[in-house]
Amino acid sequence: MVSLFRRWKPDADKAKPAKDERSPLSAAAEAIEAARAMGEAAAERAPAAEVLDPWSVSREAELAGADVVDAADAVEAAASQSASLSAVEPAEAAEAPAVAEVAQVSGDQRTRAAPEATAPSVPSVPSAPSAPSVSSVPPAPSIPLESPSASPVALTQEKPAAAPGRSGWRERLMGSGIARGLGGLFSRNPRLDDDLLDAIETALLTADVGISATTRLVDSLRKRMKAREFADANALRSALRADLVGLLEPVARPLVIDPAAKPFVILTVGVNGVGKTTTIGKLAKRFKDEGRGLMLAAGDTFRAAAVAQLQAWGERNGVQVVAQGQDADPAAVAFDALQAARARGTDVLIADTAGRLHTQQGLMAELSKIKRVLAKVDAAAPHEVLLVIDGTTGQNALSQLRHFHQAAGVTGLVVTKLDGTAKGGVVFALAQEFGIPIRFAGIGERPEDLRVFDAEAFVDALLPEALGA
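Figured I'd write up the structure that's included with this text. (Residues numbered from 1 in each chain as written. Predicted model: local features only at pLDDT ≥ 70, side-chain atom pairs only at ≥ 80, totals over all residues. Heavy atoms only, no water.)

Relative orientation of the contacting elements helix α17 (residues 396-408) and helix α18 (residues 426-433) amounts to 40°, with a least axis distance of 9 Å. Classified by the angle their axes make, α17 and α18 are oblique. α17 and α18 meet at a crossing whose hand is right-handed. Note on element contacts: α18 touches α17 through Val426, Ala429, Leu430 and Glu433, opposite Ala397, Leu398, Leu401 and Arg402. Among the residues making up the contact of α17 with α18, the classes are represented as 6 nonpolar, no polar and 2 charged. (Axes fitted to C-alpha atoms, helices over the stretch in contact; angles between N-to-C directions. Helix = DSSP H or I, 4+ residues; strand = E, 2+ residues; numbered from the N terminus. Parallel < 35°, antiparallel > 145°, perpendicular 65-115°, else oblique. Left-handed = near helix turned anticlockwise from the far one by under 90°. Contact = heavy atoms within 4.5 Å. Nonpolar A, V, L, I, M, F, W, Y, C, P; charged D, E, K, R; others polar.)

Listed below in structure tokens is the structure:
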């Protein structure tokens, strides 16, 4: 039996059809191409009943995963399509749009329109690219296209400038976390009791007002409530508003440019990403609108494209920018800018610096070097050291101010991004612990949204006098 099986096995293997190593798509494409060629030959000469081996066509269609039941039907369909293609008159073929023209869309049309096509019997296989007729183009998927002539669509739209006065502050800060927390206190706790005071304390701590400032505010309210100074919760709300304003009024001092100092040097410092360069650009527009002669020093030579960013602000506002190459010494840039500003009688010089973590002693020492270099040209320079603080950093702003004040002697603060944070209460913590003047507050993206800090407007935006205001 074994010997018989050994003799029979090779013969059986030879009788088996060879395994097709081609991919289903390649096999089906070759089958359609062969059917097309045979169909064209049949249309030119005489119809032939057997242009292809039916078993071969059925085998190729099966590998491609198509539902072809009768191979003769596939051959007949391919032959009839080729005959119709060959019957197109030359003039009609010239008038037929090309494939590239069909794919082209106008500026208003955003998706490709697929022309109607007579697909071959195997629908998953595209037709030959050399067909001259539109009907030979297979249906194309809907792919978003943009016409070269179409104007680019802006993905984001810049907010308009906030309205002047308190209404602008309220409009921009009413959606912040601290405003929602304080504003909803008295509607949720209309009764004058200890629960209301506990809710006020929780809201202040959540907004990063700080333990020291919160304790001071709540203890004062508690003592006055026990002394029966408040008739109802509305009276307590008015008292809280007055205490918050009283905490901020001592630090709400605007920046005053000394006309005797020419130039008046402003050195901006801060950690990475707080918006120093953007703040400088907004200040440049403010001083330019006031009619002051201005010059900028691109001292952020470390961050890529920082110099180009400041130069763009200078071009936008018509202000000259003193800059050197990448990785230049920022103290040298400040020195050259101060000499140039003195020679031209410039009113204000704003010097930019690279962002640095307040915990890096080497980088903090670099700020001290810049101050010493400026003092060689003008003993009083810099006249103002502005620390830019991101309002979203919360209590970490206290640590930043402590280190930067030790290294550079901070004389003023700019608190940015107050319109989109729940940590805006850090303004009260800064006022309580340091008492350094808050010069400006950022409540939006536009240059007009860098406002001179107003204590009453800020508190009114967080806690209006009347509910629903």
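Turning our eyes to something else, we now look at the environment of Trp313. Residue placement: Trp313 occurs in helix α14 (residues 306-317). Put simply, Trp313 and Ile280 are 33 residues apart on the chain and 8.4 Å apart in space, counted from C-alpha to C-alpha. The contacts of Trp313, once residues within four sequence positions are left out, are Thr277, Thr278, Gly281, Lys282 and Pro447.

The next subject is the pattern of salt bridges. On inspection of all chains with the given rule, the structure shows 15 salt bridges. In this structure, the salt-bridge partner of Asp289 is Lys285, at a minimum N-O distance of 2.9 Å. Taken together, the residues span about one helical turn, with Asp289 and Lys285 both in helix α13 (residues 276-289) at a distance of 4 residues. In this structure Asp289 comes out as exposed when scored by relative accessible area, which is 57%. Under the relative-accessibility criterion, Lys285 is labelled partly exposed at 25%. (Salt bridge = Lys/Arg side-chain N within 4 Å of Asp/Glu carboxyl O. Buried < 20%, exposed > 50% of the residue type's maximum accessible area, 1.4 Å probe, protein only.)

When you tally the buried positions in strand β6 (residues 412-416), you get 5 out of 5 residues, the bulk of the element. Burial along β6 is two-sided: Gly412, Val414 and Thr416 and Leu413 and Val415, pointing in opposite directions, are all buried. Here strand β5 (residues 384-390) runs beside β6; their pairing, made up of 5 bridges, is parallel. The partner of Ile389 across the bridge, within β6, is Val415. (Pairing = 2+ DSSP bridges.)

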